[in-house]
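Notes for the structure review
Here is what each chain is made of, one letter per residue.
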Amino acid sequence: MNTKKSNKLSASKRFARFAIGLLAGLFIAGIFWLYSIYFYVPIPLVQGIIGSLILAISCGIIATISGLDKIFENFPNL
């Protein structure tokens, strides 16, 4: 029998992709914030929080849309 696989992802798979992208975005934002402290360039708290959230959400959306699971499949098992 010929069965067609759907290109649609399940909701849990999409949420997992978004969560991985969100964590990656928060990690990058944390590194930027630490560099600003190291180089004595103070970022106001509200601006840092808003910038971190924008970066994290955009990384989450990019991770949801793109095929990041193919990249993670190439990593060796721990």
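In the block above lies the structure referred to throughout.
For the structure given in this document, a descriptive report is provided here. (Residues numbered from 1 in each chain as written. Predicted model: local features only at pLDDT ≥ 70, side-chain atom pairs only at ≥ 80, totals over all residues. Heavy atoms only, no water.)

**Quick word on the overall build of the chain**
Each helix and strand in the chain was counted, giving three helices and zero strands. Tracing the chain from N to C terminus, the helices and strands come up as α-α-α. Burial statistics for the chain: of 78 residues in total, 14% are counted as buried. Restricting the contact set of the chain to residue pairs at least 6 apart, pairs at least 24 apart contribute 74%. For the chain, the accessible area works out to roughly 6900 Å², and carbon and sulfur atoms hold 72% of it. (Helix = DSSP H or I, 4+ residues; strand = E, 2+ residues; numbered from the N terminus. Buried < 20%, exposed > 50% of the residue type's maximum accessible area, 1.4 Å probe, protein only. Contact = heavy atoms within 4.5 Å. Areas by Shrake-Rupley, 256 points an atom, 1.4 Å probe, with all protein chains shown as cover.)

**Some points on helix 1 (residues 11-38)**
Owing to its 3.6 residues per turn, the α-helix aligns residues three or four sequence positions apart on the same side. Taking 1.5 Å of rise per residue, 28 residues should cover 40 Å, and helix 1 covers 40 Å from first to last C-alpha, within 8% of that figure. The complete set of buried residues in helix 1 reads Arg17, Gly21, Gly25, Ala29 and Ser36. A positive backbone phi angle near 55° is found at tyrosine 40, which sits one or two residues after helix 1. (Expected span 1.5 Å × (residues − 1).)

**Topic: the environment of alanine 16**
Within the secondary structure, alanine 16 is located in helix 1. The class for alanine 16 is partly exposed, based on a relative accessible area of 36%. Along the primary structure alanine 16 and threonine 64 are separated by 48 residues, whereas in three dimensions their C-alpha atoms are 8.4 Å apart.

**Some points on helix 2 (residues 45-65)**
For helix 2, spanning 21 residues, the distance from its first C-alpha to its last is 30 Å, which sits close to the expected 30 Å at 1.5 Å a residue. Within helix 2, burial applies to Gly48, Ser52, Ala56, Cys59, Gly60 and Ala63. Within helix 2, the buried residues cover an arc of 100° as seen down the axis, which keeps them to one side. Residues of helix 2 that are exposed and angled more than 90 degrees away from the buried face: Val46, Gln47, Ile54, Ile62 and Ile65. (Arc of directions from axis to C-beta.)

**Notes on the packing of aromatic side chains**
Taken as a whole, this structure holds two aromatic pairs when the rule is applied. Each ring, one from tyrosine 38 and one from phenylalanine 39, has its centre 5.0 Å from the other, and the planes form 80°; the classification is edge-to-face. Residue tyrosine 38 is classed as exposed on the basis of its relative accessible area of 59%. What makes phenylalanine 39 exposed here is its relative accessible area of 54%. (Phe/Tyr/Trp six-rings, centres within 6.5 Å; stacked < 30°, edge-to-face > 60°.)

Read these as spatial facts, not as claims about activity.
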